[in-house]
Amino acid sequence: MRTAYSVETVRTAERTLMVRLPEGTLMQRAAAGLAAACAELLGRVYGTRIVLLVGSGDNGGDALYAGARLARRGAGVTAVLLAAEDRTHPGGLAALRAAGGSTARPPAAEALIRRADLVVDGIVGIGGKGGLRPDAAQLAALVRDAGVPVVAVDLPSGIDPDTGEVRGEAVRADVTVTFGTYKPGLLIDPAREHAGTVRLVGIGLDLPAEADLEALQYADVERLLPVPVAESDKYRRGVVGIVAGSARYPGAAVLAVAGALRGGAGAVRYVGPAGDAVIARFPETLVSAGPPAKAGRVQAWVVGPGIGDNAQAVAEVLGADVPVLVDADGLRLADPDAVRARTAPTLLTPHAGEAAALLGVDRAEVEGARLASVRELAGRYGATVLLKGATTLVAGPRGGAVRVNPTGTPWLATAGSGDVLSGLAGSLLAAGLEARDAGSVAAYMHGLAGRFAAHGAPTGALEVAEALPRAWRDVTA
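Not measured: the values here are computed from a predicted model.

Before going further, it helps to examine the pattern of salt bridges. Pairing of side chains with opposite charge becomes possible as their charged atoms draw close. Evaluation of the coordinates by the stated rule reveals 21 salt bridges. Two residues, Asp337 and Arg340, come together in a salt bridge whose shortest N-O distance is 2.7 Å. Of this pair, Asp337 and Arg340 both sit in helix α14 (residues 336–341), three residues apart, which is roughly one turn of that helix. Look at Arg340 and you get partly exposed, because its relative accessible area is 40%. Connected through salt bridges with shared partners, the residues Glu214, Arg403, Arg436 and Asp437 form a single ionic network.

Quick look at the UniProt feature "binding site: AMP" (unreviewed entry) in the protein now. Within the UniProt annotation, "binding site: AMP" (unreviewed entry) is assigned to Lys388, Gly389, Ala390, Thr391, Thr392 and Gly418. Taken along the chain, the residues just named run across 31 residues; in space they keep tight, none of their C-alpha pairs more than 14.0 Å apart. Tracing the sequence through the fold places Lys388 in the loop between β16 (384–387) and β17 (393–395). Under the relative-accessibility criterion, Lys388 is labelled buried at 14%. Ignoring sequence-local partners within four residues, the contact set of Lys388 consists of Asp327, Thr349, Pro350, His351, Ala352, Arg370, Gly418 and Leu421. Polar contacts involving the side chain of Lys388 include one to the side chain of Asp327, which spans 3.1 Å.

Residues lying three or four places apart along an α-helix face the same way, a consequence of the helix completing one turn every 3.6 residues. Between its first and last C-alpha atoms helix α10 (residues 250–262) spans 19 Å; for 13 residues at 1.5 Å apiece the expected length is 18 Å, and the two agree. Of all the 13 residues making up α10, ten are buried; the element is thus mostly covered by neighbouring parts of the structure. Listed in full, the buried residues belonging to α10 are Ala252, Ala253, Val254, Leu255, Ala256, Val257, Ala258, Gly259, Ala260 and Leu261. Just beyond α10, the residue with positive phi is Gly264, at close to 100°.

Another aspect to go through is the nonpolar core. Within the largest apolar cluster, 54 residues are counted, with the highest numbers of intra-cluster contacts made by Val221, Val240, Ile242, Val257, Val268, Val441 and Met445. The leading source of residues in this core is helix α19 (residues 435–454), at ten residues. Setting aside residues up to four positions removed in sequence, Ile242 forms contacts with Ala256, Val257, Ala260, Val268, Arg269, Tyr270, Val271, Trp301, Val302 and Gly423.

About the thresholds
- Residues numbered from 1 in each chain as written.
- Predicted model: local features only at pLDDT ≥ 70, side-chain atom pairs only at ≥ 80, totals over all residues.
- Heavy atoms only, no water.
- Salt bridge = Lys/Arg side-chain N within 4 Å of Asp/Glu carboxyl O.
- Helix = DSSP H or I, 4+ residues; strand = E, 2+ residues; numbered from the N terminus.
- Buried < 20%, exposed > 50% of the residue type's maximum accessible area, 1.4 Å probe, protein only.
- UniProt positions renumbered as here; feature names shortened; annotations may be inferred.
- Contact = heavy atoms within 4.5 Å.
- Polar contact = N/O pair within 3.5 Å; in protein donor to acceptor, adjacent residues only side chain to side chain.
- Expected span 1.5 Å × (residues − 1).
- Core = buried A, V, L, I, M, F, W, Y, C linked by side-chain atoms within 4.5 Å.

Now the structure itself:
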């Protein structure tokens, strides 16, 4: 499991560790890891030209000490100081000069940056809030326009480390070297787009068991995936009911059923007017015209994809005493009080536009503050919420760590992709996974299948569903 912690938690862990270590030890550990990452990106150090953008805090100190290490290996290192010398880290500044490095002021930065082989962003660290100040913003713009490779120290300057929000100009890094632990902003869009490849350098922090953010890895997904045993039957594997599709959108039903069947369900019961289309593609589906209560035994329901204005079906499914996933039209039609009143698990799967409608805000507000939005929705509805998007997040109704999905591809931004995800997550709910696990495992497998289906080229939602068995084998191999 990859974990991320808030600034407050990191600060506390750093203070606890620093009292047990000689002064400056943590900064030297960070600088050593930073210098190694810079050397790796450069390929060779001797004879290269490196520009450090140095702010007044410890982040600038990390950059200066790393610059000193690189200067001792033959690099020409110049630190552009954004603050007065008496407000710049004194030990780092002395170390850089002793190693042969030099300093400059911001007016000289443009010429230096354009000739540089590498820029190191040490402007602000985890203590920074809001956008960059005008002088720092100007440097960030110069770096972007010059096209020089950038390594960010701990996080790109200008992003919010706790929320992933970006207010104004921010540095865009090719590599971010972060210390001690991941910070939430490095894993969540829009800030994640600024971080590039994130490299974690351990500095010995003792962190709490529960993180603020966590991301499943292969081993975690393999452990959670339901696998049949010799005595399994379709009910032990899980029977999922799908209420989806309409005369206008029969494809939504086909795609949701595809996701459920390829997601490991023992059986899929389809309820709705698109039965002929479903049977034509998947004859193993158990089809019913409805209502849901007469479809037969299920262990979880999926309701909403392409159903139009069938509010009665949504209300009936929400009244069932089994886990329920609500997506697409179902989100618009679901009575919030009925969702909050449920005792069985509920999983809501909105994209940013649907989340904005549920919260009564603009879509841009959700996209700019994804972490806050998913937490707000989960708390307001008393449900687990999977917020779809470039960074898919899963939050539980009672707080705790939010899950961030590390897989996917931009090619998944295609019609019907969310319907496949709904069916897949529904099958995992029917198999007995908790709502947060079902949502995060489904997002992981869906993203992995999307990569396999696309393979660098356009793909369709049904192809994503058909790639799920390959994703499953890849995780469990």
